[in-house]
Amino acid sequence: LDDPAGNSFIESIGTSDTRLSKTLYERTREQLQEMGYNVPQANDTHTAATAAPPPPKHGADLPDHLRAANWDFSKSIEDNIDKRREEEESGNIGRDEALFFEVDCHHCGTKGRQDMCAIDIPGFRECLVMAFNCPHCGVRNNEVKAAGAIGDKARRWTLRVTDPEDLNRDVLKSDSAAVRIPEIDFEMQQGTQGSAFTTVEGLIGKIADHLQESNPFTGDSSAQNELSAFTQTIDDLRKLCSDPSCLPFTLVLDDAADHSFIGRRHPERPQEDDPGLTSEAYDRTEAQNDELGLLQMKTEGYEHEQPP
Ligand SMILES: [Zn+2]
């Protein structure tokens, strides 16, 4: 197990496990480059220690129509966070208004900063925006999650995608949502993929990428049929967003916790009819309750039992 990041681990058996050994070594130039570090030329030993971090990566921009106090949605999450930090440093907002904490950077392991902020998504509910920034290596990422407890009921969103415009609708898919596209016989169970705030096109692309990366079939001849069905599914998913002849199709987002939503085609015109989109709340099945960890402990019938 050779891990340039140093994040891998094999458990030892007991304290004197002679069959397991571990060697720490300096990363090679190639390993550093593969990990995304900006590595200077070999003869430039002086700047090696003070190399500039890579340029910051830009996260997803939230759409303009998502507005919240102190939050400028015409700018990216990162720009908002930067603005917040400036205000905070100049004393314009109180320290307790800015909710942030230090967490270890998943990329370089030094302390980075995680900011949190609540926003209200029209037609849905309050959501938490979480943005991470590492001042050391420049890594940035962000996440949007529905705030609050699990809903009383499950909710199923059904979107009829009839026009390429529908591919730009906002989607918040929580990790408790199952995704189905009946036209290509596709189903992804809840818990398979983390939460994402994106568009219809972005969601389908993420699912295809995820499948491609997690290909469970290794070229074994007995798995050839499964492999071809698997790659066909990936192709089908990608075609939905690139080939207009695949329209119309249906996207179902079925969330046991009611933490997902699909946005309107024109969110800036909330009065407009939106016949392609429906959502219905329904009572969770026992299996869904189980997945969410909500099954009550069975207490009836035990009250007359005597302890041994
Ligand atoms: Zn870092």
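Going along each chain's sequence as written, the residues are numbered from 1 onward. With pLDDT at 70 or above as the cut-off, local features in this predicted model cover only qualifying residues; side-chain atom pairs require 80 or more to be listed or tallied, and sums for whole chains, interfaces and linings still use all residues. The basis for every side-chain value is the complete set of heavy atoms in the structure, and neither hydrogens nor water enter the calculation.

Pairing between strands is defined by DSSP: at least two bridges between them are needed. For helices the rule is a DSSP run of H or I covering at least 4 residues; for strands it is a run of E covering at least 2, with both sets numbered from the N terminus onward. Pairing is antiparallel in the open sheet, where five strands are placed in the order β8-β7-β10-β5-β12. In the strand order of this sheet, the two ends are held by β8 (186–188) and β12 (277–282), each with one partner. Sheet twist, expressed as the mean angle between neighbouring strand axes with direction ignored, is 15°. The pairing of strand β5 (residues 154–161) with β12 spans six bridges and is antiparallel. Opposite Thr 158, over in β12, you have Thr 278 as the bridge partner. Think of each axis as a best-fit line through the C-alpha atoms, taken over the contacting stretch in the case of a helix, with angles from 0 to 180 degrees between the N-to-C directions.

Next up on the list: the coordination of the zinc ion. Protein coordination at the zinc ion comes from Cys 105 (SG), Cys 108 (SG), Cys 134 (SG) and Cys 137 (SG), with a distance range of 2.2 to 2.3 Å. Each residue is placed in one exposure class: buried if its accessible area under a 1.4 Å probe, protein chains only, is under 20% of its type's maximum, exposed if it is over 50%, and partly exposed if it falls in between. Classification of Cys 108 as partly exposed rests on a relative accessible area of 22%. In this description, a donor is an N, O or S atom within 2.8 Å of the metal centre, a cutoff extended to 3.2 Å for sodium, potassium and calcium. Water is not part of the atom list, which can make sites seem incomplete.

By salt bridge we mean one thing: a side-chain nitrogen of Lys or Arg within 4 Å of a carboxyl oxygen of Asp or Glu. Using the criterion set out here, one finds 14 salt bridges in the structure. The closest approach of N and O atoms between Asp 254 and Arg 156, which form a salt bridge, is 3.4 Å. Of this pair, Asp 254 sits in strand β10 (residues 249–255) while Arg 156 sits in strand β5; the two residues are 98 residues apart in sequence, bridging distant segments of the chain. Note that Arg 265 is salt-bridged to Glu 165, the shortest N-O span being 3.6 Å. Of the two residues, Arg 265 sits in the loop between β11 (261–262) and β12 while Glu 165 sits in the loop between β5 and β6 (170–173), which places them 100 residues apart along the sequence. Take Arg 265: its relative accessible area is 27%, and that puts it in the partly exposed class.

Attention now goes to the sheet that holds β6. Across the sheet, three strands lie side by side as β9-β6-β11; this open sheet has antiparallel pairing. Edge positions in the sheet fall to β9 (196–199) and β11, since each has one partner strand and no second. Pairing analysis gives four bridges linking β6 to β9, with the strands arranged antiparallel. What sits directly across from Val 171, in β9, is Thr 198. Strands in contact with helix α4 (residues 200–213) are β6 and β9; relative to β9, the strand with the most contacts, it is inclined by about 120°. Here, residues are in contact when the closest pair of their heavy atoms is within 4.5 Å.

Moving on, we come to the side chain of Ser 260. Looking at the element boundaries, Ser 260 is found in the loop between β10 and β11. Discounting residues that sit within four places of it in the chain, Ser 260 has contacts with Phe 124, Trp 157, Leu 172, Lys 173, Ser 174, Ala 177, Leu 253 and Asp 255.

For Phe, Tyr and Trp, rings pair up if their centres lie within 6.5 Å, where Trp contributes its six-membered ring, and each pair is then called stacked (planes under 30 degrees apart), edge-to-face (over 60) or tilted (otherwise). Taken as a whole and judged by the stated rule, the model has one aromatic pair. With centroids separated by 6.3 Å and ring planes inclined at 75°, the aromatic side chains of Trp 157 and Phe 261 adopt a geometry described as edge-to-face. With Trp 157 in strand β5 and Phe 261 in strand β11, the pair connects residues that are 104 residues apart, well separated along the chain. Stacked on the ring of Tyr 282, the Lys or Arg Arg 156 has its end atom at 4.2 Å from the ring centre. Consider the ring centre and the ring normal. A charge sits over the ring if Lys NZ or Arg CZ is within 6 Å of that centre and within 35 degrees of that normal.

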